[in-house]
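Report on the structure
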Amino acid sequence: MNVYDSERMVDVLSPLGYAPTDDPAAADMMILNTCHIREKASEKVYSELGRLKQFKEKKAEEGDKVIMAVAGCVAQAEGDEMMKRQPAVDMVFGPQAYHHLPELIAKAERQEGRILDTDFPVEDKFDHLPATRLTAGPTAFLSIQEGCDKFCAFCVVPYTRGAEFSRPVAQIEDEARRLIASGVREITLLGQNVNAYHGEAPGAGLTVWTLGRLIRHLADIDGLDRLRYTTSHPRDMDAELISAHADVPQLMPYLHLPIQSGADRVLQAMNRQHTADMYRALIDRIRDARPDIAMSSDFIVGFPGESDADFEATMQLVRDVTYAQAFSFKYSARPGTPAAEAEDQIPEEVKTARLAALQALLVTQQKQFNHNLIDQVIPVLFEKPGRYEGQVIGRSPYLQAVHVKNDADLIGKMAYVKVTAAQQNSLAGELCDYPVS
Ligand code: 5AD
Ligand code: SF4
């Protein structure tokens, strides 16, 4: 979602004459779009600010002003402290305020002091973002839902991103059509709780549509070849969404469905409001609908009170489900969340050992999933040139990167590839002799 928000900041800033640069020495404005989810991500902001400050100082010596801004969830949660800790920061704004950028910049240019904008505004930022989407490439993100009302005991999202909000269907459809008109063929629908989507239906009436309904509707747009969505909560995986995996060919066979832990005791302490067996049963239903689906998840090891037996239950769940890929983290105590106050925190070395064991198992499964695709023919949407001359990289339906050697200009095209080799994170293959579309 931060990638999406950063892209939208570019859309907001481009009418003011700003364009993105990879070179910090060339920048007139630097925006760090930050993540607060774990302590490590949060701390990185301060070290990065220290590094980028040098470019600002250098420009100041030459008589030029650089605006240094911090956006995103660290800005939202620690704005005041950040201003104190790093005097070079001119501007701090939260994830609900980036459509205010033109006003904030005007204030900064008028030298009205340092600026902090971390209110949750009543108006909807999506109503104020430009219709234009300056995207490059055949794939794009599209935020359809933000925020979270679930209050998992470890998580800052309900505090930093606020309450659940769904964009109206018509607004989403309009953005999707604009993306497609600019050459996008694959859209990933985004939300912190994307499958809790409940957006105002198009046309008159007071009905709301769920994610399953929205997916069916978007899939009918000409030129949209692939749809994905992330991130989902097991409690919101309803029948309509599951059946979309069976019936909608544009919906790719990949699902990121975090469970966090395989132990019921821990799930309860985390306030996830489901058991491990409920999740197993859900996976069975999803696989009945789409047998080849690639499953992905998030796991937290070392949540307060997690015993060896609880951790073993997580390992067993992973063995039972078998994942195509997954993300796993050591529990990180976040200020203001209930779990941070728990007394039975797990020692760091125990977390380290559990994470290593879990990741070893997940890597084995990932390699196995990729290996199983060898000799299969799969459709690949090509996105960018590879590192080597003549190499192009695309994505499989299951979200793996696929490398192909081909001189033809395949970027933006869909082609069938016979998989010849599999690594942990990618596949390699040869172009089949079928038409490219
Ligand atoms: N500590 C560790 N991991 C966390 N996540 C969220 N909060 C924390 C935390 N306090 C992980 C969860 C979530 C993913 C986005 O980040 O696994 O699904
Ligand atoms: Fe955080 Fe997701 Fe739980 Fe919401 S559902 S509190 S975003 S982990």
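Residues numbered from 1 in each chain as written. Chains lettered and ligands numbered in written order. Predicted model: local features only at pLDDT ≥ 70, side-chain atom pairs only at ≥ 80, totals over all residues. Heavy atoms only, no water.

Let's talk about unusual backbone geometry
Here the amide bond leading from Thr230 into Thr231 is cis, since omega sits at 0 degrees, within 30 degrees of zero. Relative to the elements of secondary structure, Thr231 occurs in the loop between strand E11 (226-230) and helix H9 (239-247). For Asn271, which is not a glycine, the phi torsion comes out positive at approximately 65 degrees. Tracing the backbone through its elements, the reader meets Asn271 in the loop between helix H10 (264-269) and helix H11 (276-289). On the basis of relative accessibility, which here comes to 25%, the residue Asn271 falls in the partly exposed class. A positive phi is found at Leu399, a non-glycine position, where the angle reads about 80 degrees. The residue Leu399 is located in the loop between strand E16 (391-395) and strand E17 (401-405) in this model. According to the relative accessible area criterion, Leu399 is partly exposed, its value standing at 27%. (Helix = DSSP H or I, 4+ residues; strand = E, 2+ residues; numbered from the N terminus. Buried < 20%, exposed > 50% of the residue type's maximum accessible area, 1.4 Å probe, protein only.)

Comments concerning the sheet that holds strand E4 (residues 115-117)
In spatial order, the strands read E1-E2-E3-E4; together these four strands make up an open sheet with parallel pairing. Edge positions in the sheet fall to strand E1 (29-34) and E4, since each of these pairs with one other strand and no more. Adjacent strand axes in the sheet meet at a mean angle of 10 degrees when their direction is disregarded. Bridge count between strand E3 (residues 91-93) and E4: three bridges; the pairing is parallel. (Pairing = 2+ DSSP bridges. Axes fitted to C-alpha atoms, helices over the stretch in contact; angles between N-to-C directions.)

Focus: the domain arrangement of the protein
Partitioning the protein into domains gives domain 1 (2-117), domain 2 (125-371) and domain 3 (377-431). On a C-alpha basis, the centroid separation for the pair domain 1 and domain 2 is 28 Å. Across the boundary between the two partners, domain 1 contributes 22 residues, which contact 23 residues of domain 2. The contact between domain 1 and domain 2 buries some 2,100 Å² in all, and 56% of this surface belongs to carbon and sulfur atoms. In this structure, the connection of domain 1 to domain 2 is made through 17 residue pairs in polar contact (both at pLDDT 80 or more). Those elements that provide at least two residues to the side of domain 1 that touches domain 2 are helix H1 (2-13), helix H2 (39-61) and helix H3 (72-85). (Domains from an automatic or database assignment. Contact = heavy atoms within 4.5 Å. Buried area = accessible area lost by both parts, 1.4 Å probe. Polar contact = N/O pair within 3.5 Å; in protein donor to acceptor, adjacent residues only side chain to side chain.)

Focus: the pattern of salt bridges
Within this structure, the stated rule accounts for 33 salt bridges. Lys56 is the partner of Asp90 in a salt bridge, and the nearest nitrogen-oxygen pair spans 2.7 Å. Of this pair, Asp90 sits in the loop between H3 and E3 while Lys56 is found in helix H2, placing the two residues 34 residues apart along the sequence. According to the relative accessible area criterion, Asp90 is buried, its value standing at 13%. In this structure Lys56 comes out as buried when scored by relative accessible area, which is 15%. A salt bridge links Asp308 to Arg354, with the shortest nitrogen-to-oxygen separation between them at 2.8 Å. (Salt bridge = Lys/Arg side-chain N within 4 Å of Asp/Glu carboxyl O.)

A word on the site of ligand 2
Neighbouring ligand 2 are the residues Cys148, Lys150, Phe151, Cys152, Phe154, Cys155, Val157, Pro158, Asn193, His233 and Arg272. For the shell around ligand 2, a count of residues per class yields seven nonpolar, two polar and two charged. (Near = heavy atom within 4 Å. Nonpolar A, V, L, I, M, F, W, Y, C, P; charged D, E, K, R; others polar.)

Brief notes about the packing of H2 against H3
Running from N to C, H2 and H3 point in directions that differ by 35 degrees, and their axes come no closer than 12 Å. When you trace H2 past H3, the crossing you get is right-handed. Counted together, Ser42, Glu43, Val45 and Tyr46 of H2 and Val74, Glu78, Glu81, Met82 and Arg85 of H3 form the full contact between these two elements. A per-class count over the contact of H2 with H3 returns four nonpolar, one polar and four charged. (Left-handed = near helix turned anticlockwise from the far one by under 90°.)

What to know about the site of ligand 1
Taken together, Ile37, Arg38, Phe154, Gln260, Asp298, Ile300, Phe329, Lys330, Tyr331, Ser332 and Arg334 make up the full set of residues adjacent to ligand 1. The separation between an oxygen atom of ligand 1 and a polar side-chain atom of Gln260 is 2.6 Å. Backbone polar atom of Ser332 to a nitrogen atom of ligand 1: 2.8 Å apart, as the coordinates give it. Surface burial for ligand 1 is 86%, taken as the share of its 400 Å² of free accessible area covered by protein chains. For the shell around ligand 1, the secondary structure elements donating two or more residues are strand E13 (294-301) and strand E14 (325-330). Grouping the amino acids of the shell around ligand 1 by side-chain chemistry returns five nonpolar, two polar and four charged. (Areas by Shrake-Rupley, 256 points an atom, 1.4 Å probe, with all protein chains shown as cover.)

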